[in-house]
Amino acid sequence: MCEGQAIMEMAWQPQEEGLRQILKLLKESQSPDTATQRAVQQKLEELNKFPDFNNYLIFVLTKLTSEDEPTRSLSGLILKNNVKAHFHKFLPVVTEFIKQECLSAVGDPSPLIRATVGILITTIASKGELTTWPELLPALCSMLDSQDYNVCEGSFGALQKICEDSAELLDSDALNRPLNVLIPKFLQFFRHSSPKIRSHAIACVNQFIITRTQALMIHIDSFLENLFHLATDDDPEVRKNVCRALVMLLEVRMDRLIPHMHNIIEYMLMRTQDPDEGVALEACEFWLSLADQPICKGALSPHLTRLVPVLVRGMKYSEIDVILLKGSKNLNWQQGDVEEDEMIPDREEDIRPRFHKSRTHTIKHAEENGEEIEEDDDGMDDDSSLSDWNLRKCSAAALDVLANVFREELLPVLVPILKETLFHQEWEIKESGILALGAIAEGCMTGMIPHLTELIPYLINCLSDKKALVRAITCWTLSRYSHWVVSQPHDNYLKPLMTELLKRVLDGNKRVQEAACSAFATLEEEACTELVPYLGFILETLVFAFSKYQHKNLLILYDAIGTLADSVGHHLNKPDYINLLMPPLIQKWNILKDEDKDLFPLLECLSSVATALQSGFLPYCEPVYRRCVSLVEQTLNQHIANTQNPEQFEAPDKDFMIVALDLLSGLAEGLDGHIEKLVINSNIMQLLYQCMQDPMPEVRQSSFALLGDLTKACFQHVLPCISDFLPILGQNLNPEFISVCNNATWAIGEISIKLGQDTRPYIPLVLSQLIIIINKPNTPKTLLENTAITIGRLGYVCPHDVAPLLQQFVRQWCTSLRNIRDNEEKDSAFRGMCQMITVNPAGVVQDFIFFCDAVASWMNPKEDLKEMFNKILHGFKNQVGEENWKRFSDQFPPQLKERLAGMYGV
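Here is what the cut-offs are and how they apply
Residues numbered from 1 in each chain as written. Predicted model: local features only at pLDDT ≥ 70, side-chain atom pairs only at ≥ 80, totals over all residues. Heavy atoms only, no water. Helix = DSSP H or I, 4+ residues; strand = E, 2+ residues; numbered from the N terminus. Buried < 20%, exposed > 50% of the residue type's maximum accessible area, 1.4 Å probe, protein only. Contact = heavy atoms within 4.5 Å. Expected span 1.5 Å × (residues − 1). Polar contact = N/O pair within 3.5 Å; in protein donor to acceptor, adjacent residues only side chain to side chain. 1 Å grid on protein atoms, 1.4 Å probe; cavity = no way out; pocket = protein on both sides within 12 Å on 5 of 7 lines; lining within 4 Å. Points joined across faces, edges and corners; volume = space filled by probe spheres on them. Nonpolar A, V, L, I, M, F, W, Y, C, P; charged D, E, K, R; others polar. Core = buried A, V, L, I, M, F, W, Y, C linked by side-chain atoms within 4.5 Å. Axes fitted to C-alpha atoms, helices over the stretch in contact; angles between N-to-C directions. Parallel < 35°, antiparallel > 145°, perpendicular 65-115°, else oblique. Left-handed = near helix turned anticlockwise from the far one by under 90°. Arc of directions from axis to C-beta. Phe/Tyr/Trp six-rings, centres within 6.5 Å; stacked < 30°, edge-to-face > 60°. Lys NZ or Arg CZ within 6 Å of the ring centre and 35° of its normal. Salt bridge = Lys/Arg side-chain N within 4 Å of Asp/Glu carboxyl O.

### Some details on unusual backbone geometry
Part 1: The backbone of Cys528 shows a phi angle near 45 degrees, a positive value even though the residue is not glycine.
Part 2: Inspection of the secondary structure puts Cys528 in the loop between helix H29 (510-527) and helix H30 (535-548).
Part 3: The exposure class assigned to Cys528 is buried, which follows from its relative accessible area of 15%.
Part 4: The backbone of Gln614 sits at a positive phi, close to 50 degrees, despite the residue not being glycine.
Part 5: Structurally, Gln614 is set in the loop between helix H33 (599-613) and helix H34 (618-644).

### Structural notes on the environment of Gln690
Part 1: If you trace the backbone, Gln690 turns up in helix H37 (residues 684-691).
Part 2: On a C-alpha basis, the gap between Gln690 and Tyr458 in space is 56 Å, while along the polypeptide they are 232 residues apart.
Part 3: Residues within four places of Gln690 in sequence aside, it is in contact with Leu636 and Ile640.

### A look at helix H46 (residues 824-839)
Part 1: A rise of 1.5 Å per residue sets the reference length of H46, with its 16 residues, at 22 Å; its end C-alpha atoms lie 23 Å apart and thus fit the reference within 8%.
Part 2: Three or more residues of H46 are buried, namely Glu825, Lys826, Asp827, Ser828, Ala829, Phe830, Arg831, Gly832, Met833, Cys834, Met836 and Ile837.
Part 3: Against the buried residues of H46 lie helix H41 (738-755), helix H43 (781-797), helix H44 (799-802), helix H45 (810-817), helix H47 (848-856) and helix H48 (863-889).
Part 4: The residue sitting at the N-terminus of H46 and contributing the capping side-chain oxygen is Asn823; that oxygen lies 3.1 Å from the backbone nitrogen of Glu825.

### Some remarks on empty space enclosed by the protein
Part 1: For the coordinates displayed, the defined rule picks out 1 cavity of 30 Å³ or more.
Part 2: Considering only enclosed or pocket space, the largest cavity measures out at about 40 Å³ in volume.
Part 3: In this structure, the largest cavity is lined by Ile22, Leu25, Leu26, Ser29, Val40, Leu44, Phe53, Leu57 and Ile78.
Part 4: Listed by contribution, the elements that provide at least two residues to the lining of the largest cavity are helix H2 (16-28), helix H3 (34-47) and helix H4 (53-62).
Part 5: With 3 residues, the top contributor of residues to the lining of the largest cavity is H2.
Part 6: A per-class count over the lining of the largest cavity returns 8 nonpolar, 1 polar and no charged.

### So, the nonpolar core
Part 1: Phe223, Trp287, Ile440, Phe617, Leu667 and Trp813 are the most contacted members of the largest nonpolar core, which has 326 residues in total.
Part 2: Not counting residues up to four positions away in its chain, the partners in contact with Phe223 are Leu187, Phe190, Val205, Asn206, Ile209, Leu216, Ala245 and Leu249.

### Overview of the environment of Ile323
Part 1: Take Ile323: it is sitting in helix H21 (residues 319-326).
Part 2: On the basis of relative accessible area, Ile323 is assigned to the exposed category, the value being 55%.

### Overview of the packing of helix H32 (residues 575-591) against H34
Part 1: Relative to each other, H32 and H34 sit at 30 degrees, their axes nearing to 12 Å. When the axes of H32 and H34 are compared, the pair comes out roughly parallel. Where H32 crosses over H34, the two elements pack in a sense that is left-handed. Counted together, Ile578, Met582, Ile586 and Trp589 of H32 and Tyr620, Pro623, Val624 and Arg627 of H34 form the full contact between these two elements.
Part 2: Across the contact of H32 with H34, the residue classes tally to 7 nonpolar, no polar and 1 charged.

### Thoughts on H2
Part 1: Look at H2: 18 Å from first C-alpha to last across 13 residues, which is about the 18 Å you get at 1.5 Å a residue.
Part 2: Within the span of H2, buried status applies to Gly18, Leu19, Ile22, Leu23, Leu25 and Leu26. All buried residues of H2 lie within an arc of 160 degrees about the axis, which places them on one face of the element. In H2, the exposed positions that point more than 90 degrees away from the buried face belong to Glu16 and Arg20.
Part 3: The inward-facing, buried residues of H2 abut H3, H4 and helix H5 (69-86).

### A short note on the packing of helix H8 (residues 136-143) against helix H9 (residues 149-165)
Part 1: Packing of H8 against H9 brings their axes to within 8 Å, and their N-to-C directions diverge by 140 degrees. Relative to H9, the element H8 is oriented oblique. Considering how the two elements wind past one another, H8 and H9 form a crossing that is left-handed. Contacts between H8 and H9 involve Leu136, Leu137, Leu140 and Met143 from the former and Val151, Cys152, Ser155, Ala158, Leu159 and Ile162 from the latter.
Part 2: Considered class by class, the residues forming the contact of H8 with H9 number 9 nonpolar, 1 polar and no charged.

### So, the packing of aromatic side chains
Part 1: Here the structure, examined in full by the defined rule, presents 25 aromatic pairs.
Part 2: Aromatic side chains Phe423 and Tyr458 sit 4.6 Å apart centroid to centroid with 55 degrees between the ring planes, which places their arrangement in the tilted category. Taken together, the residues span a long stretch of sequence, with Phe423 in the loop between helix H23 (411-422) and helix H24 (427-439) and Tyr458 in helix H25 (residues 441-462) at a distance of 35 residues.
Part 3: Phe423 gets classed as partly exposed once you look at its relative accessible area, which sits at 42%.
Part 4: Seen in terms of ring centroids, Trp813 and Phe830 are 4.9 Å apart; in terms of plane orientation they differ by 65 degrees. Their pairing is edge-to-face. Taken together, the residues Trp813 in helix H45 and Phe830 in helix H46 connect sequence positions 17 residues apart.
Part 5: For Trp813, a relative accessible area of 0% gives the class buried.
Part 6: A connected cluster of aromatic rings, assembled from ring pairs, spans Trp813, Phe830, Phe848, Phe851, Trp858, Phe869, Phe876, Trp885, Phe888, Phe892 and Tyr904.
Part 7: The aromatic ring of Trp589 is capped on one face by Arg627, whose charged end is 4.8 Å from the ring centroid.
Part 8: Geometry around Trp858 places Lys826 over its ring, the cationic atom sitting 4.9 Å from the centre.

### Things to note about the pattern of salt bridges
Part 1: Scanning the model with the defined rule gives 43 salt bridges in all.
Part 2: Note that Arg20 and Glu17 form a salt bridge whose closest N and O atoms lie 3.3 Å from each other. Here Arg20 and its partner Glu17 are both found in helix H2, 3 residues apart, which amounts to about one turn of the helix.
Part 3: Residue Asp653 pairs with Lys597 through a salt bridge whose shortest N-O separation is 3.1 Å. Separated by 56 residues along the polypeptide, Asp653 in the loop between H34 and helix H35 (655-671) and Lys597 in the loop between H32 and H33 bring together distant segments of the chain.
Part 4: The class of Asp653 is partly exposed, set by a relative accessible area of 26%.

### Describing the side chain of Asn553
Part 1: Mapped onto the elements of the fold, Asn553 is located in helix H31 (residues 551-568).
Part 2: Side-chain polar atoms of Asn553 contact the backbone oxygen of Lys510, separated by 2.9 Å.
Part 3: Residues in contact with Asn553, not counting those within four places in the same chain, are Asp346, Lys510, Gln513 and Glu514.

In structure tokens, the structure reads:
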């Protein structure tokens with residue numbers, strides 16, 4: 001190939017030999033053999049040293065019509081990758097040649113070549129080259145008017161990709177706002193004779209709806225008029241884009257849709273039943289969006305009787321779904337469905353990445369048992385092997401949100417439909433009815449209660465249906481009603497449900513195993529210690545599943561075991577249970593390598609188990625502790641290597657470190673003082689110091705949780721590091737990162753309790769920031785409570801340093817802590833408040849009613865704390881005098897009055 005610049009100054013022409021070489025390479029790169037592929041990659045890299053290599057590539061794409069289309073297209077894609085990687089190194093003449101060739105080939109007769117050229121143009125444009133390629137947009141724009149269909153379609157294809165990739169740039173002063181020209185231009189093509197071009201035109205405009213781009217807003221009426229005109233277009237792609245536009249307009253220009261709302265709803269009802277599933281899915285999104293709008297109830301009420309049946313019909317598995325679900329496993333066909341597939345190994349690509357939920361320190365509330373209930377993923381994930389989002393899931397999600405909007409009013413429409421579907425002869429219809437029943441559980445719970453005594457036994461019976469898909473969806477639906485089940489006498493529903501669900505955990509079908517395991521985890525969260533009598537039976541089943549499950553379901557099984565440990569706590573600490581549970585877990589632990597991502601769910605599971613077993617975990621703790629410390633250390637070292645030498649070392653997956661830190665927290669919490677001898681023989685404190693300064697918030701969040709837990713378990717090892725640690729904690733009191741801030745706050749509180757008066761020099765580092773957080777509007781409840789407790793604890797150990805600022809936080813402090821249960825944290829915080837009031841009584845005078853209310857929230861304070869409350873209440877009463885006190889206490893709600901009179905005689 002020729003290196004000389006001179007040749008390229010003239011009109012560039014390829015040399016025969018060079019062309020032959022490149023074509024040979026392009027052919028080889030289509031070979032399935034990996035060794036050949038690798039050789040090609042290497043050769044391509046070498047060829048990049050020749051300045052005109054890229055000229056050859058564009059030549060093959062745009063000019064070499066003697067070659068087959070796949071080879072030409074491939075040449076363009078290789079060029080695209082070169083543009084991505086080395087565009088700044090191209091010689092100016094090469095760049096010019098490529099740009100010019102692209103524009104000349106926009107209208108190539110072959111759709112594949114047109115599309116490749118479009119991708120290439122966009123890639124050059126997104127390299128910031130829209131600004132240095134000023135003729136691109138005008139050229140594409142004028143080609144739209146070409147009489148040649150290929151030229152018009154090709155330039156629209158390129159423009160659509162540019163609109164997708166560079167939407168912001170198109171509306172910027174840097175380019176002189178080309179959208180002012182483009183949008184009116186696109187609108188003209190909404191009525192073009194070719195459906196492909198109509199579709200491109202809408203897709204281009206759709207890119208600018210969500211950002212409320214000015215150039216579009218000016219033409220909004222013309223846009224709507226054109227959209228309505230296309231509503232009944234014959235082409236599914238066009239209808240899909242119309243639906244997509246209306247769904248987005250609902251979010252940004254509701255005002256413009258309201259006058260047409262009745263017709264839009266009628267239209268969307270029709271489209272949700274479109275014969276083309278893609279169109280139906282886009283239309284179905286409309287109901288999800290509408291449910292978020294305040295006008296939803298008023299607008300939809302008249303249409304409910306027609307909408308609800310459409311949604312329920314949309315939940316039925318389509319024929320294609322059922323075919324896909326069978327896959328190609330030609331095994332044991334029972335009525336044309338794979339029922340028993342537990343022996344078939346999972347394909348790695350079917351296993352979704354799991355996301356670790358890092359530890360957050362939360363406080364138990366008076367009105368709940370244990371933790372806040374997490375939102376479950378609306379369990380429509382029962383068909384995770386299908387394309388992720390489909391009409392069935394969207395219809396179910398829409399019914400779910402509408403149930404939350406209409407509540408009981410939905411039932412008169414829905415109950416007759418449920419009666420018809422739930423008991424249907426055809427399994428697909430019965431299955432969709434069970435899904436619908438689960439979808440409405442949250443919104444219509446109150447109205448459903450009278451029906452549950454009949455429905456729950458019916459569903460428990462469906463758990464043994466001969467169809468695997470019916471068994472699977474039934475697991476999910478039952479889990480959505482588990483709150484009610486647990487509140488009834490156990491013998492009525494909980495026992496039969498648990499028995500049947502555990503049989504399904506050992507089902508012969510993998511999808512049923514998965515659904516049952518997830519449903520059982522939900523049941524565990526609801527039932528908590530109510531499960532204690534059945535623990536032996538539960539554990540035997542879960543442990544037996546270990547030997548039975550393939551890869552994907554094992555990960556869900558870890559989750560079910562971890563949740564069980566969280567739910568029953570120390571009740572798990574019995575030799576029989578430990579001997580059942582620990583051997584299979586430790587066996588998996590020993591098999592997995594340090595870089596295997598399956599460690600995540602296993603570490604999370606062990607973390608819960610260690611916390612629950614407490615001293616029962618001692619025999620297993622040393623190897624587990626060592627490995628966690630080593631995982632943290634390996635990750636940190638890899639991070640340093642990558643920072644210093646990114647070419648040679650790739651960035652680590654920090655999840656290994658986060659999950660390991662969380663398991664160390666679980667050990668510290670569970671083993672309490674016993675962890676001391678493990679800490680003393682390791683470098684955990686130095687590692688923690690590094691983790692606390694990590695740029696990634698989740699790493700800091702988990703390291704502060706561990707710091708708090710180590711402070712409680714073995715403060716002697718934390719003490720020497722305090723002067724390094726506290727300033728870092730102070731810097732992380734930033735409510736933008738809620739969980740980081742929350743854990744840092746909690747750790748400061750724990751440290752102050754241990755440090756006592758020696759906390760004093762650190763108070764200026766943290767107090768003013770804590771006061772800002774407690775007064776910030778919309779601060780999440782957990783963070784408010786942790787902040788209040790930490791301020792109280794600082795006041796407890798250094799009352800003279802905190803009390804002068806009492807007035808700035810006392811009201812917020814009292815309202816945040818009135819709802820939490822009596823516990824150690826609340827106790828130390830209130831002692832602090834009492835000491836601060838003693839030091840600065842004037843600071844509480846204006847907000848004294850809030851203090852009274854907070855005191856009344858205690859069920860049984862310890863005697864000496866009760867005495868402190870007594871002193872303050874009577875002191876205040878004596879201070880203001882009988883007359884004023886009566887006037888003051890007359891403002892109290894009756895309950896508060898009774899409570900204070902009963903407990904403190906005021």
